[in-house]
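Listed below are the residues making up each chain.
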Amino acid sequence: MNFEFSEEQNMLREQAQGFLASNCSMAVVRRVLDGDEPYDADLWKKVAEMGWTATVIPEEYEGLGLSYLELSVIAEELGRALAPIPFSSSVYLATEAILAAGSEEQKQAYLPGLAAGTSIGCFALGESSGQTSAASLTTKADSSSITGVKIPVADGDIANFAIVVATSDKGDGASLYIVDLDQDGVSRESITTIDPSRSHAKLTLNAAGAQLLGNDGEGWSYVQSILNRAAVLFAWEQVGGCDTALNMAKEYAMGRFAFGRPIATYQAIKHKLANIYVKNTLARSNCYYGAWAISTDADELPIAAATARVSAIQAYYYASKENVQTHGGMGFTWEFDCQFPYRRSKLLATNIGSEATWQDKLITAIEKQRAA
Amino acid sequence: MDFNDTAVEATFREEVRTWLSANIPTSDELKGLDYIGRAKLWQKRKYDAGWACIRWPKEHGGRDASAIDQVIWNQEESNFDTPDSVFGIGHGMCAPTMMAWATDEQNKNYIPKLASGEDVWCQLFSEPAGGSDLAALRTRAEKDGDDWIINGQKIWTSGAHYSDYGVLVLRTDPTAPKHQGLTYFFIDMKSAGIEVKPIRQISGGANFNEVYFTDVRVSDAQRLGAVGQGWQVALTTLMNERASIGGGGGGVNFDSVFDLATRVNIDDAPAIKDKNVRAQLATWYAQESGLKFNGYRSMTALSRGEIPGPENSIGKLVGAPKQQDMASFALDLLESGGAIWDPELSDAAGMFQATYMASPGLRIAGGTDEIMANIIAERVLGLPQDIRVDKGIPFNEVPTSNS
Ligand SMILES: Cc1cc2nc3c(=O)[nH]c(=O)nc-3n(C[C@H](O)[C@H](O)[C@H](O)COP(=O)(O)OP(=O)(O)OC[C@H]3O[C@@H](n4cnc5c(N)ncnc54)[C@H](O)[C@@H]3O)c2cc1C
Ligand SMILES: Cc1cc2nc3c(=O)[nH]c(=O)nc-3n(C[C@H](O)[C@H](O)[C@H](O)COP(=O)(O)OP(=O)(O)OC[C@H]3O[C@@H](n4cnc5c(N)ncnc54)[C@H](O)[C@@H]3O)c2cc1C
């Protein structure tokens, strides 16, 4: 039994923690949240220079060819720092889409830029409020152009290209397209979200140039496998964020006095923090399972991914809301940092399918496993 | 990261599995025995073959096995249908305390008979006035020559009615602050003056007892630790209470509720098609999975010869309420049939009803939910201890329910 990260992976974690502590304090998150810059371009550049964007990209495409365990470590640390950069869009989604479905030519065209961080990708799935399915898609493509509206698209306003999910009259009813976003047929508008420390856009595609990614009519099945992999990496970001919320709450509770003693001496607070710890710990252990499944491409990935995702959504929501609560009135102020995990937890929870969606996927995956 | 055993572990697992497959008691062998007889038969068989309490030293009837070997044994044994154990407290709590505090001579006399299943031990800790606040116990011991004389009452003692020995904490100095006036002993349950009265539980069973002590004599030689050091010795027992990793839990779990949801209908379709049912089940699956992989993380630490981290401390706090909630949910799925508790008429022979009625005890026994949450807050997160109004006060001046 070896269910832990290796020594090298732990060293990577230490390095990442040190780097993010000096380059991505909460002040950086606040600057992006409050200001006009859609993301911290300087941080992005440094992250790319360290090779984080290149982690799992094979060496033949100028990547590092490392495993998803290394990427899990990075994801947890970026989540802990609530880093305001397009890492999830570009690395967990766009890179994965091209790795999974790209032709040799497409891989050569896109992966080196993604690895270097000079090209940012995003993933355009949803078209309105409510659950997206292959049947609900209205974005439509012909052989070389695509038309439709995608909202919200994480990092759609800053990305160089998007992986767009469109309807298809073949196969599973959907197809993927690569759409370069710097062209006449594309207009993009930044939109306001509950977490302005991560930028989002509305993409309007009007006969925009597009190239098919993977086979026509297999798009929905690509989406499922891309989301399964992304779910594990999102979950690692979420458990990293959980720790941040717990530490904030703990530190405040130890220092805040009410009724003549620190509020950390009241069981209402102690048990709240213990519950946060319990949920975080369950979620983290499920993330280990997810990391194992994604790194070995295990048959259990759909179950492992959904398990990690469900428990990470639940843990982060709980940790972030009870962190605000522990801070009393101060937690409700703009000035305090409690708002960041509270915002981020819900953003990550809705970005690639909600808790209910993944609960359903989990049971579906278990049903499939039992039927087999 | 991989789930595979090391080569040495794999060999050991194979050896365990082979022995278990060949030696599980058959229904013919168990026929006519009550649950104590069955448990003893199985324990003796393991002992004779060198598979009892494998982590203990050989000289005490064990096998000198490593912690990871113990986990492998637990996992493998839980895959077989074996008689329920009556040795959990004796093996898991009393023996480790003896081995830490008793003399070599005593350990030679008592521990092998625990390993072989000849003797059953119980834990006489809780009292009417000392449950969560165990150190508030009042049963007295007064020195008389080379003996102590015990008077008072214990309560909730599981298995006292079939136990041969027990460990107990007694108040030897009521004028000292509460933790300092305690002393720890082990005792023969057949000693004159001990009276065991079963207490009926809400589940209908009567597995725990009141134990009355009237002028019971115990030799000073059966004291563990110094006079007044009883709390420290008790901590050895309590630390061992939930240290076990790798065994399978019985009763209601994800699988049993999932299967139930395929047998009963909601709106004329199998309940498993209902979105609320799926959502609930998914949450429990994720909890169960989290506990399982916590265990794997602890195993990894053991496998590397390290001490497991605090992640294992959450098992009971998550597991006990989860069992209760899942049983409650299962009864709801059964609709009006959920009320039927009859081995012939109930779904699954009444397993869901039985868990519904037994699970409240799981949230209390071995530390209540509230006490477990406090332990996590204080020992894992490092939050301050509760403020105690009885600190430093002589025990006989502390306010009680009756004052
Ligand atoms: C939107 C809003 C509007 C407000 N408007 C007004 C207003 O108009 N006028 C006004 O005077 N005030 C107002 N308040 C202040 C409000 O009454 C206080 O924020 C509230 O009483 C909590 O006090 P606190 O913020 O100092 O938190 P604290 O008292 O420091 O509490 C911090 C945390 O500790 C917990 N805690 C504290 N003591 C205990 C205890 N004994 N046992 C268990 N837990 C404990 C709290 O529940 C909380 O979770 C407002 C607050 C908000 C958020
Ligand atoms: C099935 C079963 C088997 C048992 N077997 C044994 C056995 O073999 N040997 C043995 O010695 N004992 C045994 N016990 C006793 C068990 O250890 C006690 O019941 C338990 O420690 C709680 O004590 P109590 O019942 O006195 O409840 P109390 O301590 O009176 O608790 C009542 C309620 O108050 C809460 N409470 C108490 N103190 C605090 C606090 N500081 N903060 C917050 N909440 C608090 C508790 O959580 C609980 O909800 C068994 C109990 C059960 C149910």
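Residues numbered from 1 in each chain as written. Chains lettered and ligands numbered in written order. Predicted model: local features only at pLDDT ≥ 70, side-chain atom pairs only at ≥ 80, totals over all residues. Heavy atoms only, no water.

Engineer: So what exactly am I meant to see when it comes to the site of ligand 1 here?
Structural biologist: Residues and elements named next belong to chain A. Near ligand 1 the following residues occur: Arg 256, Ala 258, Phe 259, Ile 263, Tyr 266, Ala 268, Ile 269, Gln 325, Thr 326, Gly 328, Gly 329 and Phe 332. Separating an oxygen atom of ligand 1 from a side-chain N or O atom of Arg 256 is a distance of 2.6 Å. Within the backbone of Gly 329, an N or O atom sits 2.6 Å from an oxygen atom of ligand 1. Here ligand 1 loses 41% of its free accessible area of 970 Å² to cover by the protein chains. Looking at the shell around ligand 1, its residues break down into seven nonpolar, four polar and one charged. (Near = heavy atom within 4 Å. Polar contact = N/O pair within 3.5 Å; in protein donor to acceptor, adjacent residues only side chain to side chain. Areas by Shrake-Rupley, 256 points an atom, 1.4 Å probe, with all protein chains shown as cover. Nonpolar A, V, L, I, M, F, W, Y, C, P; charged D, E, K, R; others polar.)

Engineer: Teacher, can you tell me more about the interface of chain B and chain A here?
Structural biologist: How big an interface is tends to be reported as the loss of accessible area on association of its parts. Facing the 52 residues of chain B at the interface are 40 residues of chain A. Buried surface at the junction of chain B and chain A, both sides included, amounts to about 4300 Å², of which 65% is carbon and sulfur. B:Arg297 serves as the salt-bridge partner of A:Glu4, at 3.9 Å between the closest nitrogen and oxygen. Summed over the shared surface of chain B and chain A, the result is 23 residue pairs in polar contact (both at pLDDT 80 or more). Ranked by residue count, the leading element in the side of chain B that touches chain A is helix H9 (residues 275–303) of chain B, at 19 residues. Of the residues that constitute the side of chain B that touches chain A, the class distribution is 26 nonpolar, twelve polar and 14 charged. (Contact = heavy atoms within 4.5 Å. Buried area = accessible area lost by both parts, 1.4 Å probe. Salt bridge = Lys/Arg side-chain N within 4 Å of Asp/Glu carboxyl O. Helix = DSSP H or I, 4+ residues; strand = E, 2+ residues; numbered from the N terminus.)

Engineer: Which parts of the structure should I look at to understand the site of ligand 2?
Structural biologist: In the region of ligand 2, 18 residues are neighbours, and B:Ser132, B:Trp156, B:Ser158, B:Thr368 and B:Glu370 sit closest. Each of chains A and B places residues near ligand 2. The separation between an oxygen atom of ligand 2 and a polar side-chain atom of B:Thr368 is 2.6 Å. A per-element tally of the shell around ligand 2 places strand E3 (residues 147–158) of chain B first, with three residues. Residue composition of the shell around ligand 2, by class: seven nonpolar, ten polar and one charged. The residue makeup of the shell around ligand 2 includes at least three contributed by each of domain 2 (121–239) and domain 3 (254–365) of chain B. (Domains from an automatic or database assignment.)

Engineer: What is the right way to look at the nonpolar core in this model?
Structural biologist: Grouped together as the largest cluster of nonpolar side chains are 158 residues, with contacts concentrated most on A:Trp52, A:Phe87, A:Ile146, A:Ile163, A:Val179 and B:Leu281. Those residues in contact with B:Leu281 that lie beyond four places of it in its chain are A:Ile363, B:Phe254, B:Val257, B:Phe258, B:Ala261 and B:Ile272. A:Ala253, A:Ile263, B:Val318 and B:Ile376 belong to the second-largest nonpolar core, a separate cluster that totals 25 residues. (Core = buried A, V, L, I, M, F, W, Y, C linked by side-chain atoms within 4.5 Å. Buried < 20%, exposed > 50% of the residue type's maximum accessible area, 1.4 Å probe, protein only.)

Engineer: Explain the pairing of strand E3 (residues 145–154) of chain A to me, please; I cannot follow it from the model alone.
Structural biologist: One face of the sheet, then the other: side chains in a regular strand alternate in exactly this way. Residue and element names in this part refer to chain A. Bridge analysis of strand E2 (residues 140–141) against E3 gives two bridges, and the strand direction is antiparallel. Looking at E3, one finds that Lys 140 is bridged to Thr 147. Here seven bridges tie E3 to strand E7 (residues 200–209), and the two strands are oriented antiparallel to one another. Bridge pairing in E7 places Ser 145 opposite Gly 209. (Pairing = 2+ DSSP bridges.)

Engineer: Where do I start with the packing of aromatic side chains in this structure?
Structural biologist: All names here are of chain A. Inspection of every chain in the model, using the stated rule, returns 33 aromatic pairs over all chains. Ring geometry for Trp 44 versus Phe 87: centroids 6.4 Å apart, planes at 70°, classification edge-to-face. Residue Trp 44 is found in helix H3 (residues 41–49), and its partner Phe 87 is found in helix H5 (residues 87–101); the two are separated by 43 residues along the sequence. For the pair Trp 44 and Phe 87, one class covers both residues: buried. Arranged with centres 5.6 Å apart and planes meeting at 80°, the rings of Phe 87 and Tyr 92 form a pair that is edge-to-face. On the basis of relative accessible area, Tyr 92 is assigned to the buried category, the value being 0%. (Phe/Tyr/Trp six-rings, centres within 6.5 Å; stacked < 30°, edge-to-face > 60°.)

Engineer: Help me understand the domain arrangement of chain A in this model?
Structural biologist: Residues and elements named next belong to chain A. Domain annotation for chain A reports domain 1 (7–116), domain 2 (121–217) and domain 3 (220–371). Put simply, the middle of domain 2 and the middle of domain 3, counted by C-alpha atoms, are 28 Å apart. Between domain 2 and domain 3, the contact holds 21 residues from the first and twelve residues from the second. Summed over both partners, the interface of domain 2 with domain 3 comes to about 1300 Å²; 67% of that surface belongs to carbon and sulfur atoms. Scanning the region where domain 2 abuts domain 3 turns up one salt bridge. In this structure, Arg 344 engages Asp 195 in a salt bridge whose closest nitrogen and oxygen atoms are separated by 2.6 Å. Here domain 2 is connected to domain 3 by seven residue pairs in polar contact (both at pLDDT 80 or more).

Engineer: Just checking my understanding: could you explain the pattern of salt bridges for this structure?
Structural biologist: When the charged atoms of two side chains with opposite charge come close together, those side chains can pair. Residue and element names in this part refer to chain A. Applying the stated criterion across every chain, the model contains 48 salt bridges over all chains. One salt bridge in this structure joins Glu 77 and Arg 13, with 2.8 Å as the shortest N-O distance. In this pair, Glu 77 sits in helix H4 (residues 68–81) while Arg 13 sits in helix H1 (residues 7–23), placing the two residues 64 residues apart along the sequence. Per residue, the accessibility class of Glu 77 equals that of Arg 13, and both read buried.

Engineer: So what exactly am I meant to see when it comes to the packing of helix H8 (residues 267–296) of chain A against helix H12 (residues 369–380) of chain B here?
Structural biologist: Each pair of packed helices can be described by the angle between their axes along with the distance between the axes. At a minimum axis separation of 8 Å, H8(A) and H12(B) run at an interaxial angle of 80°. On the basis of their axis angle, the class for H8(A) and H12(B) is roughly perpendicular. When H8(A) is examined against H12(B), the residues A:Gln267, A:Lys270, A:His271, A:Ala274, A:Tyr277 and A:Val278 are found in contact with a partner set consisting of B:Glu370, B:Ala373, B:Asn374, B:Ile376, B:Ala377, B:Glu378 and B:Val380. For the contact of H8(A) with H12(B), the class distribution of residues is seven nonpolar, three polar and three charged. (Axes fitted to C-alpha atoms, helices over the stretch in contact; angles between N-to-C directions. Parallel < 35°, antiparallel > 145°, perpendicular 65-115°, else oblique.)

Engineer: Would you take a moment to explain the environment of A:Gln238 for this structure?
Structural biologist: All names here are of chain A. Residue placement: Gln 238 occurs in helix H7 (residues 219–255). Assessed through its relative accessible area of 0%, Gln 238 is described here as buried. As a C-alpha pair, Gln 238 and Ala 75 span 163 residues in sequence and 8.8 Å in three-dimensional space. Residues in contact with Gln 238, not counting those within four places in the same chain, are Arg 309, Ala 312, Ile 313, Tyr 316, Leu 348 and Ala 349.

Engineer: Can you walk me through helix H5 (residues 88–101) of chain B in this structure?
Structural biologist: Three or four residues apart is the spacing at which side chains of an α-helix point the same way, because the helix has 3.6 residues per turn. End to end, H5(B) covers 19 Å across 14 residues, agreeing with the expected 20 Å (1.5 Å per residue, within 8%). Of all the bends found along H5(B), the most pronounced is centred on B:Cys94 and spans about 35°, while B:Pro96, a proline, follows it within four residues. (Expected span 1.5 Å × (residues − 1). Bend = angle between axes of the 7 residues up to and from the residue.)

Engineer: What is the right way to look at the side chain of A:Gln339 in this model?
Structural biologist: Residues and elements named next belong to chain A. Looking at the element boundaries, Gln 339 is found in helix H10 (residues 339–351). Overall, Gln 339 belongs to the buried group, its relative accessible area being 9%. For Gln 339, the residues in contact, after removing those within four places along its chain, are Arg 30, Leu 33, Thr 333 and Trp 334.

Engineer: Looking at this model, I keep getting lost on the side chain of B:Lys154. Mind explaining?
Structural biologist: Residue and element names in this part refer to chain B. Here Lys 154 lies in strand E3. Judged by its relative accessible area of 0%, Lys 154 falls in the buried class. Separated by 3.1 Å, the side chain of Lys 154 and the backbone oxygen of Phe 125 make a polar contact. Discounting residues that sit within four places of it in the chain, Lys 154 has contacts with Leu 124, Phe 125, Ser 126, Glu 127, Leu 137, Thr 139, Val 169, Leu 170, Asn 209, Glu 210, Val 211 and Phe 213.

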